[in-house]
Amino acid sequence: MQTATRRRTRSARTTARQNYDLCIIGGGISGACLLRDAALRGLKAILLEKNDFASGTTQATSRLIHGGLRYLKQGRLGLVRESLRERRILARIAAHALRPARFLVPVGEGPTWPLRLGLTLYDFLSLDRNRHVPESNHIQAHQRLKAERLPGSWKAIFSYHDYANTNPEWLTVEMILDAERHGAVAHNYTPVEALERKDEAYSVQYRGEDGERATIQASMVINAAGPWADLIEGKLAKKPTAQLTRSRGIHIVTRPVGPGDAYLALLQKNGKHFFVLPWRGCSIIGTTDTAYRGDPDRFAVLEEDIAEVLQTVNELWPDSRLARTDVLYYYGGMRPLLAGEESSVSTYESSRKSEVIDLATQGFPHFYTVVGGKYTTSRHLAEKAIDLALQKSKKKARDCRTAETLLPGALAFREEWLSGIKDRSTALILYGRYGSLAREILLTAGPDEIYTGRNGESYTAKEFLFHVRHTHGKTLSDLYLRRTGMGTTGLPDATTNRAIARLVGQELGWSREEQNRQIRELEQHYKLCR
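What you are looking at is a predicted structure, and each value in this text was computed from that prediction instead of being measured.

A.B. asks: Go over unusual backbone geometry, please, and point to the residues and values.
C.D. replies: A cis amide bond links glycine 286 to the next residue, threonine 287, at an omega of 15 degrees. With phi around 55 degrees, aspartate 199 is a residue other than glycine that occupies positive phi space. As for its placement among the helices and strands, aspartate 199 is situated in the loop between β8 (192-198) and β9 (201-207). A positive phi angle, close to 65 degrees, is found at histidine 366, a residue other than glycine. When you line up the elements, histidine 366 lands in the loop between β17 (355-358) and β18 (367-371).

Spelled out as structure tokens, the structure:
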């Protein structure tokens, strides 16, 4: 039997013999949206990612799709309107991945009218919030609630709505999967090692999974490497154009705290927001927002980071009474922000505006760097970047279609899809996780074993095999953290890990020694959560 590893090695060797219209460097949400946009326009496009897809900044979010309420305070109305428009688009094209999220904002001291005014403006800028959106994803305008709605002494409590994105890592991979189904090529674990402008095109050298170097030619390149964007530019230009400030963001996952039916948006004394978010039977708490000046390849969550988040939540929400033993999981990442603002401006106050940087001014035409994207607006950032690239290259292609084209899992549920399915409850769980893609997973050849995650959720052998065969899942960490989400509520028990390692190992041709190494590598990820 030919293993998935051998099939991928053969595919990678074929890739190296190709010329492309566009090469995208970076497999986070920005790179995924760029690849999907390019594929839907009919461009021959390839994406190269040095680690796994969605393994950098993309996995370090608060798991929200939002309009940027706090940007109103900064006077960035255009950014708020863009975010609200894109929030509505995602609520339609990725309806299966988003859930309406009701936020509560308690006010303990000071005047309440600024918040009420801001929420009123927020509602006004999103008057079209439910246009062409499935009814299940409709959201309401803000309200003022009784102060007794929450424990504690509050002057007032306001509510407003945005969306929760329960598994953003999988949403990113699904974008890439859709791009591949429209003709694109994507490779993870293929770091770019050299860039050269040569014969009116770019020579892009990368190291493949097998350790061998390979080179492709591309007429255009878009650098979407996030916190590594300036380092990618440095492989081509002596002085990178992208001047980045890296912001450090840390979240923890704990036992459930706060109101179970709503999301808490708390305000710290320094003016920064802080979330307590109900999520899959747990709570996500965070985030921090401080400058990170180290090597991006050496970023790590430290024990003092977790202690800081625990201290903050216990001060802002005393009813939580969280201790270190309540932390089930943690994650963190770097947000790439455009530098160049006044030195007194903190990373929290820095602009989240996205930008497309054209390196033609440095003598590198048709090479672009995208900076400042986020989940909510990355679709629009991709549209702007590819519009510019096509305009400058005078290459003919279709108009952007990403705002109208549904993702593979976003088709409306049909009861007949469950006909012939014996285990209806498991099928419904998969529909909740993957939308209409669940039908493909249910039809995947493989055993019917069920595994249980740390929070009690069920996972099937078929979904693990689907990800190995079709979504570039290559390690246990890929599968636990960026495909199924099984590991994002804590490390499952040893028996479960061994069973899944055997299942995946048979598909990928792992020896017993490699299975054990994969388990040890996965366990290392949780070393601060013991």
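A.B. asks: Which residues make up the packing of helix α2 (residues 29-40) against helix α9 (residues 378-393), and what values go with them?
C.D. replies: Interhelical geometry of α2 versus α9 gives an angle of 55 degrees and a closest axis separation of 8 Å. Compared by their axis directions, α2 and α9 come out oblique. You can see that α2 and α9 cross each other, and the crossing is right-handed. Of α9, the residues touching α2 (which contributes Ile29, Ser30, Cys33, Leu34, Asp37 and Ala38) are Ser378, Arg379, Leu381, Ala382, Glu383, Ala385 and Ile386. In terms of residue class, the contact of α2 with α9 is made up of 8 nonpolar, 2 polar and 3 charged.

A.B. asks: Can you break down a nonpolar patch on the surface residue by residue, with the values?
C.D. replies: A contiguous nonpolar patch, built from Leu77, Leu121, Phe124 and Leu127 and spanning about 410 Å² of accessible area, is present on the exposed surface. Judged by relative accessible area, which is 32%, leucine 121 ranks as partly exposed.

A.B. asks: Can you lay out the pattern of salt bridges for me, pointing to particular residues and giving the numbers?
C.D. replies: Side chains that differ in charge, positive against negative, can pair when their charged atoms come close. Tallied over the full model, the rule gives 34 salt bridges. Linking arginine 41 and aspartate 387 is a salt bridge whose minimum nitrogen-to-oxygen distance equals 2.8 Å. With arginine 41 in the loop between α2 and β2 (45-48) and aspartate 387 in helix α9, this pair connects stretches of sequence that are 346 residues apart. Given the relative accessible area of 36%, aspartate 387 is considered partly exposed. Across the salt bridge formed by aspartate 326 and arginine 255, the nearest N and O atoms sit 3.0 Å from each other.

A.B. asks: Talk me through empty space enclosed by the protein; I want residue IDs and the actual numbers.
C.D. replies: Tallying each qualifying case throughout the model produces 4 cavities of 30 Å³ or more. Its volume calculated, the largest cavity comes out at about 50 Å³. Looking at the largest cavity, the residues that line it are Arg87, Tyr122, Asp123, Ser126, Arg129, Ile139, Gln140, Ala141, Tyr160 and His161. Mapped by element, the contributors of at least two residues to the lining of the largest cavity are α5 (113-125) and β6 (156-165). The residue makeup of the lining of the largest cavity, split by class, is 4 nonpolar, 3 polar and 3 charged.

A.B. asks: Just give me the short version of the side chain of arginine 433, but keep the residues and values in it.
C.D. replies: Residue position: arginine 433 is located in helix α10 (residues 424-434). In this structure arginine 433 touches Trp170, Glu457, Ser458, Tyr459, Glu463 and Thr484, once residues within four positions along its chain are discounted.

A.B. asks: How would you explain the nonpolar core if you had to name every residue and give the values?
C.D. replies: Proteins that are soluble and globular tend to have nonpolar side chains buried together. Grouped together as the largest cluster of nonpolar side chains are 58 residues, with contacts concentrated most on Leu22, Leu34, Leu35, Leu98, Ile222 and Ile386. Once you skip the residues sitting within four places of it in the chain, isoleucine 222 turns out to touch Leu22, Cys23, Ile24, Ile25, Leu34, Tyr368, Val370, Ala385 and Ile386. Counting residues in hydrophobic clusters, the runner-up holds 52 residues, among them Val192, Ala237, Phe364 and Phe367.

A.B. asks: Can you lay out the packing of aromatic side chains for me, pointing to particular residues and giving the numbers?
C.D. replies: Within the structure shown, the criterion is met by 13 aromatic pairs. Ring centres of tryptophan 170 and tyrosine 434 lie 5.5 Å apart, and the angle between their planes is 85 degrees; this geometry places the pair in the edge-to-face category. Here tryptophan 170 is found in helix α6 (residues 168-181), whereas its partner tyrosine 434 is found in helix α10, with 264 residues between them in sequence. By relative accessible area, which is 3% here, tryptophan 170 ends up buried. With centroids separated by 5.4 Å and ring planes inclined at 75 degrees, the aromatic side chains of tyrosine 292 and phenylalanine 299 adopt a geometry described as edge-to-face. Accessibility expressed as a relative area gives 14% for tyrosine 292, which makes it buried. For phenylalanine 299, a relative accessible area of 18% gives the class buried. Following the ring pairs from residue to residue traces out a cluster consisting of Phe103, Tyr122, Tyr160, Tyr263 and Phe275. Across from the ring centre of tyrosine 202, 4.8 Å away, lies the NZ or CZ of arginine 197, which sits over that ring. Its guanidinium or amino end placed over the ring of tryptophan 279, arginine 280 lies 4.6 Å from that ring's centre, counting from NZ or CZ.

A.B. asks: Which residues make up the environment of arginine 144, and what are the values?
C.D. replies: Looking at the element boundaries, arginine 144 is found in strand β5 (residues 143-145). Owing to a relative accessible area of 41%, arginine 144 belongs among the partly exposed residues under this scheme. Along the backbone, arginine 144 and leucine 47 are 97 residues apart, and their C-alpha atoms lie at a distance of 47 Å. If we skip the residues at most four places from it in the chain, arginine 144 touches Thr112, Arg116, Lys155, Ala156, Ile157 and Phe158.

A.B. asks: Give a detailed account of helix α8 (residues 303-316), specifying residues and quantitative values.
C.D. replies: With 14 residues, α8 extends 20 Å from end C-alpha to end C-alpha; this agrees with the ideal 20 Å at 1.5 Å per step. Residues of α8 that are buried include every one of Asp305, Ile306, Val309, Leu310, Thr312 and Val313, and no others. Buried residues along α8 cover an arc of 165 degrees about the axis, so they all sit on one side. Facing away from the buried surface of α8 by more than 90 degrees, the exposed residues are Glu304 and Glu315. Looking at the buried positions of α8, the neighbouring elements they touch are β11 (244-254), β13 (273-279), β14 (282-286) and β16 (327-338).

A.B. asks: Before we move on, could you go through the side chain of threonine 405 and cite the residues and values that matter?
C.D. replies: Turning to its location among the elements, threonine 405 is positioned in the loop between α9 and α10. There is a polar contact of 2.8 Å between the side chain of threonine 405 and the backbone oxygen of arginine 401. Setting aside residues no more than four positions away along its own chain, threonine 405 makes contact with Arg36, Leu40 and Ile93.

A.B. asks: Quick rundown of the state of the cysteines? Include the residues and the values.
C.D. replies: Working definition of a disulfide: a covalent bond connecting the sulfur atoms of two cysteines. Counted by the stated rule, this structure contains 0 disulfides. Residue cysteine 33 stays outside any disulfide, its sulfur separated by 10.0 Å from that of cysteine 400, the closest cysteine. The class for cysteine 33 is buried, based on a relative accessible area of 5%.

What counts and what doesn't
- All residue numbers here refer to positions counted from 1 along the written sequence of the relevant chain.
- Per-residue local features are limited, in this predicted model, to residues with pLDDT of at least 70; the limit for side-chain atom pairs, both in listing and counting, is 80 or more; totals at the level of whole chains, interfaces and linings are taken over all residues.
- Hydrogens are left out, water is left out, and the side-chain values use all remaining heavy atoms of the structure.
- In DSSP terms, a helix is any run of H or I states spanning at least four residues, a strand is any run of E spanning at least two, and both are numbered starting from the N terminus.
- For helices, the fitted line uses only the C-alpha atoms of the stretch in contact; every axis is such a line through C-alpha atoms, and the angle between N-to-C directions lies from 0 to 180 degrees.
- Each angle receives one of four descriptions, namely roughly parallel if under 35 degrees, roughly antiparallel if over 145, roughly perpendicular if within 65 to 115, and oblique otherwise.
- A crossing counts as left-handed when the near helix is turned anticlockwise from the far one by less than a right angle, and as right-handed when that turn is clockwise.
- Residue contacts are defined here by distance: any two heavy atoms, one from each residue, within 4.5 Å place the two residues in contact.
- Charged means Asp, Glu, Lys or Arg here, nonpolar means Ala, Val, Leu, Ile, Met, Phe, Trp, Tyr, Cys or Pro, and polar covers whatever is left, Gly included.
- Surface patches are drawn from residues lacking salt bridges whose relative accessible area is over 30%; two like charges belong together within 9 Å, two nonpolar side chains (Val, Leu, Ile, Met, Phe, Trp, Tyr) within 5 Å.
- For the accessible areas, the method is Shrake-Rupley and the probe is 1.4 Å, while residue cover comes only from the protein chains on display.
- Salt bridge, as applied in this entry: a Lys or Arg side-chain nitrogen positioned within 4 Å of an Asp or Glu carboxyl oxygen.
- Exposure classes here rest on a 1.4 Å probe applied to the protein chains alone. A residue is buried below 20% of its type maximum, exposed above 50%, and partly exposed in between.
- A cavity here means a set of points on a 1 Å grid, drawn over the protein atoms and nothing else, where a 1.4 Å probe fits but cannot get out; a pocket is an open set with protein on both sides within 12 Å along at least five of seven lines, and a residue lines either one if it has an atom within 4 Å of a point.
- Grid points are joined across faces, edges and corners, and a volume is the space filled by probe spheres set on the points.
- For our purposes a nonpolar core is just a set of buried Ala, Val, Leu, Ile, Met, Phe, Trp, Tyr and Cys residues, chained together by side-chain atoms within 4.5 Å.
- Any two of the Phe, Tyr and Trp rings considered here, Trp counted by its six-membered ring, make a pair once their centres fall within 6.5 Å; the pair's planes then place it as stacked at under 30 degrees, edge-to-face at over 60, or tilted in between.
- Charge-over-ring placement is defined geometrically: NZ (Lys) or CZ (Arg) within 6 Å of the ring centre, and within 35 degrees of the ring normal.
- A helix is expected to span 1.5 Å for every residue after the first.
- The arc in question is formed by the directions pointing from the helix axis toward the C-beta atoms.
- Pairing of N or O atoms within 3.5 Å defines a polar contact, subject to two protein rules: one partner must be a possible hydrogen donor and the other a possible acceptor, and residues neighboring in sequence count only if both atoms are side-chain atoms.
- What counts as a disulfide here is a pair of cysteine sulfur atoms lying within 2.5 Å.

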